[in-house]
Amino acid sequence: YAWQTKNAFTVPCSGTGSAAWEALCANLTSPGDKHLVLINGYFGVRHCDMASRYGAEIIKLEKPWGEVFTPEEVDAACAEHKPDMIWVAHAETSTGACQPMEELGAIARKYDALLAADTVTSIGGLPVQLDEWGVDAAYAGGQKALSCPPGIAPLTFGDRALRKMDERSAAGEQTKNWYLDMNMIKQYLVVNDFGVPRVYHHTAPISMAYALREALTILTEEGLENSWARHRDAAEFFWCELEKIGLECHVAWEHRLPTLTTVKIPEGIDGGKVVTFLRENYNIEIAGGLGQLAGKVWRIGLMGYNSRKENAALVCAALRDALDAQGYYRSPGLLYKTRNQSRTSYHGSA
């Protein structure tokens with residue numbers, strides 16, 4: 001439901017989203033496989049590290065962090081390198097960019113490659129259409145737009161991904177991660193056609209499974225499309241209010257994630273002090289940038305239950321006060337010369 005897929009092998013993986021991600025790598029990578037990695041943020045770099053540990057040959061297709069890839073760029077890279085897997089972050093958590101997915105499945109099939117997608121920060125918060133997009137394998141996290149405590153992670157393999165697993169097994173390949181061996185997990189979960197009973201694998205985090213079930217129940221009660229709309233409405237309100245207090249987003253409007261916004265740290269502002277100010281004075285936690293964006297942006301999530309306009313308004317008020325404490329509204333050439341002017345714009349009256 002949340003992924004819009006009919007994949008029979010859709011399971012809660014024991015561990016956080018990174019465990020489900022590693023399960024994807026461990027089970028779908030043969031030594032020497034070519035992984036075309038679409039890198040436009042920190043987590044593309046992480047996939048290179050993770051997949052290479054399972055013997056993948058890494059081919060990097062790179063864009064400036066915060067931009068997205070065109071189908072033509074992906075097609076050209078596939079034509080040149082003939083990859084076995086295309087990895088893409090649908091929602092790049094480090095930059096707040098949302099990668100258009102509509103044409104990537106067809107490209108993957110054109111070159112007989114698997115399409116793998118990171119949906120950690122998108123599942124439940126914006127449209128994710130795995131079957132429609134032709135995604136063969138995907139993973140997510142429970143703790144973001146699903147509002148589930150961290151510790152369990154959705155993982156799904158389609159028919160083409162399962163065929164890859166079967167081919168590896170037939171060739172005598174052994175998954176190089178016992179805990180995340182999905183062939184063994186299948187034996188644990190499913191009685192096969194010959195009536196062979198299930199085989200115990202590991203003790204599952206059953207309390208987390210109940211938590212994920214409850215999170216999905218809440219999502220179903222709200223309605224998936226309603227959740228998508230709520231996240232989008234709160235995000236667009238947030239982006240407009242950020243402009244009113246003189247702040248700029250890092251990602252172009254049409255490619256922004258509604259679940260996570262990267263805000264440029266203004267020149268002359270100590271971004272770390274703003275993070276501390278919000279935590280100590282408002283009990284609000286925002287994050288700094290990762291990798292290339294460290295010290296350049298703040299990362300602010302509006303996910304799950306917290307994705308509401310009143311929370312966005314509170315964050316903007318807190319940011320305004322934090323900036324004012326560093327003299328931002330007295331800077332030459334600023335849109336608002338005084339704090340009162342920003343307050344007038346923000347609240348409608350001084």
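Everything here concerns the structure above.
Draft legend 1. Broad picture of the state of the cysteines. Using the criterion set out here, one finds zero disulfides in the structure. Just so you know, C148 is unpaired, no disulfide at all, and the nearest cysteine sulfur is the one on C13, 13 Å from it. Of the residues examined, C148 reaches a relative accessible area of 3% and is grouped as buried. Lacking any disulfide linkage, C249 is separated from the closest cysteine sulfur, that of C316, by 9.3 Å.

Draft legend 2. Region of the structure containing the pattern of salt bridges. Enumeration according to the criterion identifies 14 salt bridges in this entry. Between K244 and E241 there is a salt bridge whose closest N-O contact spans 3.0 Å. Residue K244 and its partner E241 are located together in helix 9 (residues 224-244), separated by three residues, close to a single helical turn. Ionic pairing is found between D324 and R330, a salt bridge with its closest N-O pair at 4.0 Å. What you see here is one network of salt bridges that share partners, running through R109, D112, D136 and R160.

Draft legend 3. A look at the environment of A91. You can see A91 is positioned in strand 5 (residues 91-92). With 81 residues separating them along the chain, A91 and G172 place their C-alpha atoms 35 Å apart. Those residues within four positions of A91 in sequence are excluded, and the remaining contacts are A97, D118, T121, S122 and L257.

Draft legend 4. Examining the side chain of Q129 more closely. With respect to the element layout, Q129 can be found in the loop between strand 7 (114-118) and helix 5 (130-133). Residue classification places Q129 among the buried residues on the basis of a relative accessible area of 18%. Once you skip the residues sitting within four places of it in the chain, Q129 turns out to touch W3, Q4 and W228.

Draft legend 5. Main features of the nonpolar core. Judged by nonpolar contacts, the single largest core of 39 residues is most densely connected at C13, L24, L28, Y139, L155, F157 and M182. Looking at this core, the element that brings in the most residues is helix 1 (residues 17-28), giving eight residues. Apart from residues lying up to four places away in sequence, Y139 is in contact with W3, G17, A20, W21, L24, W87, A117, D118, T119, V120, P154 and L155. One finds V74, Y111, A138 and W228 within the second-largest nonpolar core, a separate group that totals 36 residues.

Draft legend 6. Seen up close, helix 2 (residues 42-52). Taken together, the buried positions of helix 2 are F43, G44, H47, C48, M50 and A51. Taken together, the buried residues of helix 2 touch helix 1, strand 2 (34-39), strand 3 (57-62), strand 4 (85-89) and strand 5.

Reading the values: the criteria
Residues numbered from 1 in each chain as written. Predicted model: local features only at pLDDT ≥ 70, side-chain atom pairs only at ≥ 80, totals over all residues. Heavy atoms only, no water. Disulfide = S-S within 2.5 Å. Buried < 20%, exposed > 50% of the residue type's maximum accessible area, 1.4 Å probe, protein only. Salt bridge = Lys/Arg side-chain N within 4 Å of Asp/Glu carboxyl O. Helix = DSSP H or I, 4+ residues; strand = E, 2+ residues; numbered from the N terminus. Contact = heavy atoms within 4.5 Å. Core = buried A, V, L, I, M, F, W, Y, C linked by side-chain atoms within 4.5 Å.

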